[in-house]
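For reference, the chains in residue letters:
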Amino acid sequence: MMTPLQEAQQRVLLAAAHVDYQEGLNKHSFFKLNNRTLSNDLVQDTFVKTWSYLVKGGKIDVMKAFLYHVLNNLIVDEYRK
């Protein structure tokens, strides 16, 4: 469980990552799926999963690499459907 201070720090970290990487993640996802709506949904799911991981106490060394890893896993899951 995170303290309120830790949660606030993680929120700032994830908000900054959203600003920095959302556009690139959307482009990457659209390139792979060729479906704008689905691509946007998977990018949002990426940030939700990342937040869940952080709340559980997970540590992320390189945010950009982590986000792309999560997104690629979601894309693979989508292809499997």
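Residues numbered from 1 in each chain as written. Predicted model: local features only at pLDDT ≥ 70, side-chain atom pairs only at ≥ 80, totals over all residues. Heavy atoms only, no water.

1. Some thoughts on the overall build of the protein chain
Reasoning step 1: For the protein chain, the count of helices and strands is three helices and zero strands.
Reasoning step 2: Ordered by position from N to C terminus, the α and β elements of the protein chain give α-α-α.
Reasoning step 3: Along the first, second and third principal axes, the C-alpha set of the protein chain runs to 40 × 25 × 20 Å.
Reasoning step 4: Across the 81 residues that make up the protein chain, the buried fraction comes to 31%.
Reasoning step 5: In the protein chain, of all internal contacts separated by at least 6 residues, the share reaching a separation of at least 24 is 62%.
Reasoning step 6: Summed over all atoms, the accessible surface of the protein chain reaches about 5,600 Å², with 55% contributed by carbon and sulfur.
Reasoning step 7: Distance between charge centres in the protein chain, computed from 10 positive and 8 negative side chains, equals 3 Å. (Helix = DSSP H or I, 4+ residues; strand = E, 2+ residues; numbered from the N terminus. Buried < 20%, exposed > 50% of the residue type's maximum accessible area, 1.4 Å probe, protein only. Contact = heavy atoms within 4.5 Å. Areas by Shrake-Rupley, 256 points an atom, 1.4 Å probe, with all protein chains shown as cover. Lys, Arg positive; Asp, Glu negative; His and termini not counted. Charge placed at Lys NZ, Arg CZ, Asp CG, Glu CD.)

2. A few points about the packing of aromatic side chains
Reasoning step 1: In total, this model carries one aromatic pair according to the counting rule given.
Reasoning step 2: The ring of Phe 30 is capped by Arg 36, whose NZ or CZ atom sits 3.9 Å from the centre of that ring. (Phe/Tyr/Trp six-rings, centres within 6.5 Å; stacked < 30°, edge-to-face > 60°. Lys NZ or Arg CZ within 6 Å of the ring centre and 35° of its normal.)

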